[in-house]
Amino acid sequence: MFAYYLQLGLRSLQRNPVLTALMVMAIGFGVAASMTTYSVFLATSSNPIPQKSSQLYAVQVDNWGPEDSDKGEPPDSLNYTDAMALMAAHRAPRQTALYPVGVSVVPDDQSQLPSPESTYATYGDAFAMFDVPFLHGSGWGAAEDDAHAAVAVISRVLNDKLFRGANSVGRQINLDGRNYRITGVMDSWDPQPLFFDAVNTSGFSDPVQIFIPFTRAVELKMATAGNNNCNRDPGLGWDAWLHSECIWIQYWAELPDRAQAVAYRQYLHGYAAEQQRAGRFRWAPNVRLSNVEQWMDHLKVVPPEAKISLLVALGFLLICLVNTVGLLLAKFMRRAPEIGVRRALGASRKTVYAQFLIEAATVGLAGGALGLLLTGVGVLCVGLVFDPQIARLATLDLSLIALTLLVAVLSTVLAAFYPTWRAAQVQPAWQLKSN
Amino acid sequence: MLKMTHLSKVYRTEVVETYALRDFNIDVKEGEFVAVTGPSGSGKTTFLTIAGLLETFSGGEYHLDGIEVSNLNDNARSKIRNEKIGFIFQAFNLIPDLNVFDNIEVPLRYRGMKAAERKQRIMDSLERVGLASRAKHYPAELSGGQQQRVAIARALAGSPRLLLADEPTGNLDTQMARSVLELLEDIHREGATIVMVTHDPELAARAQRNVHIIDGQVVDLSEDPRFHTVHAEHTGTTA
Amino acid sequence: MLHIKPIVVALKRHKAGTVLIALQIALTLAIVCNALFIIQQRIGRLSRPTGMVESNLLAIQNRWVGVDDNATGPLIKSDLQALRQLAGVEDAISTNSFPLRGGGWSMGVRHDPDAKKPVSSAAIYAVDDHALSTMGAKLIAGRNFRSDEIVWVEQKAYAASPQIIITKALSDKLYPNGSALGKTVYITDTARPSTVIGIVEHLQVPWSGTWSDSFSDCVVLVPTQLTGNFGSYLIRSKPGQLAAITATAPRLLIKNNRLRTFSRDRGVRTFETVRAQAYKSDRGIALLMGVVCAMLLAITAAGIVGLTSFWVGQRRRQIGVRRALGATRHDILGYFLTENLLIGIAGVVIGALLAIGINLWMVTQFEMARLSMTYVAAGVVALLLLGQGAVLAPALRASRVSPVEATRSV
């Protein structure tokens with residue numbers, strides 16, 4: 001019976017090619033617009049580290065006070081004083097302070113030009129915390145942190161470029177004219193959003209190529225390559241700045257279970273209270289502990305453009321569906337005499353339903369195919385609206401293809417329910433009565 | 001009132017020319033009740049559509065109420081249809097979306113009549129056909145005979161000079177057909193000119209005069225031997 | 001207009017089709033109004049002037065490799081000297097930032113160093129006496145910096161300059177009833193005063209985002225050359241020489257000193273590229289909304305054509321009857337146009353309310369401005385016209401239905 005209905009549906013679609021084309025186009029465009037913008041939304045709102053997102057916490061400590069802060073929220077970054085105090089206290093199983101530095105790789109070959117690489121200064125705990133995969137070697141340890149050691153972890157891409165893919169662990173890399181010993185080569189690693197530094201990257205950036213110890217970077221007076229915000233004039237020179245209330249450091253703690261998170265929050269509260277007692281903070285303790293997803297929400301990493309365009313696209317799809325309801329109604333009711341005859345010949349309501357819903361589904365499938373094509377074009381055009389760092393994340397993968405077809409067919413069948421219901425109301429005697 | 005001389009109507013397709021009417025002559029006087037009869041495909045419906053200005057013709061002349069209509073444009077033809085002609089169709093042709101009152105109002109609206117006058121005329125004509133109580137009903141809620149009487153009321157409401165009826169009882173059972181016919185006879189007695197197309201000889205016999213059409217031409221019944229055979233063919237087949 | 005009542009009566013018998021068209025018009029209006037509004041807002045941002053003469057301007061962002069922050073002074077001096085002598089170069093400066101660069105310094109400007117809240121935020125451009133000529137900024141009061149006022153200092157050691165040039169917008173904010181020229185203001189919260197020695201007509205801040213809208217043309221020029229491992233060169237070419245120096249200037253710099261990098265996508269850019277990159281998402285969103293609007297209107301028009309065609313097809317006989325009863329072609333055309341207009345009016349009334357509702361919600365969600373009623377009015381007119389345009393073809397077809405149709409049996 002299904003094959004028969006399918007055949008009837010196809011024949012009916014061929015009978016009004018313009019109406020059919022109109023519906024297929026409406027569904028195709030609607031679905032394509034929705035899926036294209038959904039791919040961007042999905043990419044920007046995805047969980048960058050699902051296996052640990054509930055164990056990693058971004059730390060905020062209000063060192064500016066209610067006067068300088070935004071609606072009572074503590075600043076998004078820490079200053080050096082607080083970051084070092086938390087590192088020293090070592091209250092979490094693992095923790096790291098981190099900041100981006102502007103570093104270039106200086107090639108041994110004097111005729112080659114240095115190349116700037118995305119670099120972060122972190123503590124050795126960061127690799128285990130962020131589940132960084134290693135191709136060769138590993139991260140550095142606490143000893144290197146303490147020693148302000150000149151060590152580095154580099155990316156697979158950089159290893160391929162500089163060492164032609166050979167195991168470079170133990171070899172030297174020249175960063176800004178200084179040598180660092182390579183302790184590990186990362187395998188491909190590209191969490192997006194770049195959760196651990198969404199403050200400076202707005203969430204999205206090219207993959208990180210180099211990690212060096214935080215302690216080493218500070219010793220070399222490497223200023224942050226990200227944002228530095230001061231609420232007061234920090235005074236003159238590096239040391240004055242380092243010990244000012246200027247904020248520029250991201251701080252992360254790994255807290256494997258709830259109890260530890262609660263304990264750490266209490267500790268932070270206690271730390272702030274202590275600073276208040278000491279007279280540094282002239283306000284009540286104001287601290288935050290946010291896991292990865294809360295942190296991404298707080299920083300609004302999903303660009304408003306992604307949300308607005310998704311909403312507009314969904315509105316567009318809705319209109320396309322209303323349009324489809326109308327056209328299907330026209331198409332089905334035009335065949336009222338045929339339905340009357342079928343009913344008179346013994347077709348039950350159920351079979352009328354089956355016949356017309358299957359016809360609608362074929363329209364949906366055709367719309368889905370067109371939509372898929374247009375989604376492909378749309379995904380290629382994402383770069384026109386979004387930054388390249390975001391555009392590269394929007395791809396037409398298998399799940400999106402399946403979803404596109406599913407949405408097309410489901411929404412068309414949904415749109416067909418009312419017209420089909422109307423068609424099924426046609427009485428077997430309709431034709432006789434109309435005269 | 002209605003005078004056609006040497007009128008012809010040709011349907012052209014790419015391959016053939018078909019004469020629906022050929023050298024067609026008829027003269028209906030004011031106040032006459034004429035029945036036009038003829039077998040299927042003889043051209044009687046074509047005659048009616050041309051008489052009612054629903055279609056144009058190919059050659060000859062047609063004077064309606066003294067006006068030569070062949071050179072009139074579409075708007076002028078619409079105006080004549082609206083003011084001088086009342087139609088009664090075999091399939092009633094009431095507009096299903098409108099109730100009885102609104103249906104009768106349609107031609108009056110096109111005439112640009114004031115609301116009060118429209119209402120008066122609608123009620124009068126409904127009264128005339130005995131359906132004043134059904135003004136708010138929709139066509140689907142009425143019987144076939146009632147629908148045809150509404151159609152007659154619609155035709156009468158505009159006080160036309162000429163009433164054209166196309167198989168007015170064709171879709172009705174005998175009982176209802178009789179009452180509709182009696183209504184037409186009443187209307188005729190009051191002075192209307194009626195031209196009725198039918199293939200039912202019994203019905204035709206009620207008219208003052210019969211005009212018989214065969215192969216697109218009017219034939220004199222008394223002289224044409226074919227009449228008798230044709231008549232025989234059609235007796236008893238009222239479908 | 002003659003036949004409104006019977007049309008309404010007939011529409012009541014075709015509720016589904018009527019509601020669908022009205023709904024489609026309403027939703028389309030709601031989205032198109034908001035989309036057009038977004039487009040206008042974004043385009044409005046795109047066309048803001050920077051206050052510079054943007055043609056013949058090249059920007060190079062430079063990062064020193066392995067040089068101590070205090071030691072870059074002589075390197076920058078040497079770069080500047082070489083750039084200013086390069087063939088095709090009109091003038092060049094070293095600056096920490098420039099309009100639309102994307103990153104820079106902002107500071108709070110105060111009348112009084114003890115004031116808790118600054119009068120306004122302002123972007124700081126640390127430049128020398130060549131800045132006005134290189135940028136093409138117009139000095140409208142006071143004087144330019146003198147070369148003897150320029151100081152060289154490491155970034156973290158910068159202290160408020162004794163002389164500053166500010167934009168007119170900042171001057172107006174500081175002294176709404178007069179000019180800031182010659183007045184003393186504080187650009188940091190230290191007690192170190194700065195005297196306004198000049199006012200430029202206009203200069204934009206480095207940022208293009210909405211967060212900086214409140215001070216988007218409040219800029220302070222300070223006569224300071226900052227040393228450090230990061231800075232920018234703005235280079236004005238002689239007319240017609242921009243393409244040439246875009247190639248020669250970076251080569252010259254590398255020849256001058258190899259230990260430097262230019263970032264991949266923001267290293268060497270003509271100002272045209274700077275502007276394009278700064279407003280990429282604004283332009284992109286405007287484009288996206290434009291495409292969506294066009295598609296929406298097309299789909300809605302197609303839907304109206306489709307449904308009306310269906311109606312005309314369904315009512316051929318009825319049209320024939322009307323014609324037989326005396327309707328002119330014009331009457332039939334008028335019937336369908338009026339019918340569509342009635343549905344359209346219902347649609348736009350709902351749509352206008354919906355448009356305003358959506359906008360109010362977006363205001364709370366995306367910090368958008370309130371929808372101007374002009375857009376709603378324009379959208380209403382546009383959709384009614386669209387409806388009439390779309391219905392025209394089927395309505396014309398209806399008007400050509402022959403009155404003979406009335407006599408045909410089904």
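1. Structural notes on the overall build of chain A
Within chain A one finds 18 helices and 11 strands. Along the first, second and third principal axes, the C-alpha atoms of chain A reach 100 × 55 × 35 Å. Evaluated residue by residue, chain A yields a buried proportion of 47% over its 435 residues. Sequence-distant contacts, at least 24 apart, represent 78% of the contacts inside chain A between residues at least 6 apart.

2. Here we look at the interface of chain C and chain A
The interface is formed by 47 residues belonging to chain C together with 47 residues belonging to chain A. Those elements giving two or more residues to the side of chain C that touches chain A turn out to be helix 2 (15-46) and helix 8 (280-314) of chain C. The greatest single-element share of the side of chain C that touches chain A, amounting to 18 residues, is contributed by helix 8 of chain C. In the side of chain C that touches chain A, the residues fall into 26 nonpolar, 15 polar and 6 charged.

3. Examining the sheet that holds strand 7 (residues 162-166) of chain B
Residue and element names in this part refer to chain B. Pairing within the open sheet is mixed, and its 6 strands lie in the order 6-7-8-3-9-10. Of all the strands in the sheet, the pair left with one neighbour each is strand 6 (85-88) and strand 10 (217-219). On average, each strand axis in the sheet is tilted by 25° relative to the strand beside it, whichever way the strands run. Of the pairings in the sheet, the one linking strand 3 (residues 33-37) to strand 8 (residues 193-197) comprises 4 bridges and is parallel in character.

4. A short note on the interface of chain B and chain C
Across the boundary between the two partners, chain B contributes 26 residues, which contact 21 residues of chain C. Among the secondary structure elements, those contributing two or more residues to the side of chain B that touches chain C are helix 1 (44-51), helix 2 (74-84) and helix 3 (100-110) of chain B. At 6 residues, the largest contribution of residues to the side of chain B that touches chain C is made by helix 2 of chain B. Residues that form the side of chain B that touches chain C fall into these classes: 9 nonpolar, 8 polar and 9 charged.

What counts and what doesn't
- Residues numbered from 1 in each chain as written.
- Chains lettered and ligands numbered in written order.
- Predicted model: local features only at pLDDT ≥ 70, side-chain atom pairs only at ≥ 80, totals over all residues.
- Helix = DSSP H or I, 4+ residues; strand = E, 2+ residues; numbered from the N terminus.
- Buried ≥ 20, exposed ≤ 12 C-beta atoms within 10 Å, placed from the backbone.
- Contact = placed C-beta atoms within 7 Å.
- Nonpolar A, V, L, I, M, F, W, Y, C, P; charged D, E, K, R; others polar.
- Pairing = 2+ DSSP bridges.
- Axes fitted to C-alpha atoms, helices over the stretch in contact; angles between N-to-C directions.

These results come straight from atomic positions and should not be treated as a statement about function.
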